[in-house]
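Survey of secondary and tertiary structure
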Amino acid sequence: MPKLPISIEKIITFNNSRSEIEVQETKYMVTLTEKNKTWIKHIYTDRKELEYLRNQIDKVLNSESIAQRMNVSEEKGQIIEEKYKNDSLCLNCSYQFSPSCLTCLFTLQSPLERKLYLELKRNYIYFTVQYGINHFGEKIAVKDKSYDNQNNNFKEVLTIVDFFIDKGDVKLCVYTDGHTYHERTEEQAQRDRKIDRKLQELGFIVLRYTGKDVNENASKIISDIKKWIKS
């Protein structure tokens, strides 16, 4: 986090008398330092003036919309505001107003992914979301790919991994499969098994979890992942 070149120090002046030492005056020294430290300026002020400055700062900060604060469009800002009010995963979340919040709300594909995302973050597991892998096991960008674009065709993509974890020799592909958001036909199930076999041939470890796993036993998922990355 960037640090402002401002510091504040309390300065107390004492009055020495025969009977006891009494506080005569309390001042505050505000120090402004240019970032390259070619000059320093000290400003002496009292508590009332500092409180005024604090109120002015609060006024400016509180006047910002969520969109302005997070540097997103007003449309996304309204979505975030609504989520903060009503979404159970957002209430009291420690990642509010952070880049992680934007990833959680706008990059992930389902509440299941969001829930596992937060569990991974809380357990300090480093990962990449929506990680594209081609048929040779290499990372591939998926943005703007489509089956209609010959120069940027989606057929080049073997899979998009929900959560990819690369640690040492271990390369984990973690997927969440829920009945509501990833309703799979037999054809889709066969396709997933084919992808899993191909990934394993390429040296990846594949872990797939159901919605029940994520909702009821997320700690087991975290334990599984930790065992793999520590092995």
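Residues numbered from 1 in each chain as written. Predicted model: local features only at pLDDT ≥ 70, side-chain atom pairs only at ≥ 80, totals over all residues. Heavy atoms only, no water.

A separate point is the nonpolar core. What tends to happen in soluble globular proteins is that the nonpolar side chains get buried as a cluster. Formed by 25 residues in total, the largest nonpolar core has its most connected members in Y117, L120, F163, I165, L172, V174 and I225. Breaking this core down by element, the ones donating at least two residues are α5 (111-122), β5 (157-167), β6 (170-177), β7 (205-210) and α8 (218-230). Broken down by element, the residue count for this core peaks at 5 residues, all from α5. Those residues in contact with F163 that lie beyond four places of it in its chain are L108, E113, L116, Y117, L120, F127, T128, V129, L172, C173, V174 and T176. Grouped together as the second largest cluster of nonpolar side chains are 11 residues, I133, L158, V161 and F204 included. (Core = buried A, V, L, I, M, F, W, Y, C linked by side-chain atoms within 4.5 Å. Buried < 20%, exposed > 50% of the residue type's maximum accessible area, 1.4 Å probe, protein only. Helix = DSSP H or I, 4+ residues; strand = E, 2+ residues; numbered from the N terminus. Contact = heavy atoms within 4.5 Å.)

Tallying each qualifying case throughout the model produces 6 aromatic pairs. Note on Y84 and F97: the rings are 5.2 Å apart at their centroids and 80 degrees apart in plane angle, and the pair reads as edge-to-face. Taken together, the positions of Y84 in helix α3 (residues 74-86) and F97 in the loop between α3 and α4 (99-106) put the pair 13 residues apart, joining distant regions of the chain. An aromatic cluster is defined as three or more aromatic residues linked by ring pairs; in this entry it consists of Y117, F127 and F163. Lying across the ring of F97, R69 places its NZ or CZ 3.8 Å from the centre. Here the basic side chain of K76 rests over the ring of F106, its NZ or CZ set 4.8 Å away from the ring centre. (Phe/Tyr/Trp six-rings, centres within 6.5 Å; stacked < 30°, edge-to-face > 60°. Lys NZ or Arg CZ within 6 Å of the ring centre and 35° of its normal.)

Most of β5 sits inside the fold, with 8 of its 11 residues counted as buried. Summarising the sheet, strand β4 (residues 128-134) and β5 pair through 6 bridges and their orientation is antiparallel. In the sheet register, V129 faces β5, and the bridge partner there is F163. Taken together, the 5 bridges between β5 and β6 define a ladder with antiparallel strand orientation. In the sheet register, F163 faces β6, and the bridge partner there is V174. (Pairing = 2+ DSSP bridges.)

What follows concerns the pattern of salt bridges. Throughout the structure, instances matching the rule amount to 12 salt bridges. The residue E119 makes a salt bridge to R122 at a minimum N-O spacing of 3.5 Å. Taken together, the positions of E119 and R122, both in helix α5 and 3 residues apart, correspond to about one turn of that helix. The residue K220 makes a salt bridge to D224 at a minimum N-O spacing of 3.1 Å. Remark: D224 and K220 occur in helix α8; sequence separation between them is 4 residues, near one turn of the helix. The exposure class assigned to K220 is partly exposed, which follows from its relative accessible area of 43%. Look at D224 and you get buried, because its relative accessible area is 15%. Residues joined by salt bridges that share partners form a network here, namely K83, D87 and R114. (Salt bridge = Lys/Arg side-chain N within 4 Å of Asp/Glu carboxyl O.)

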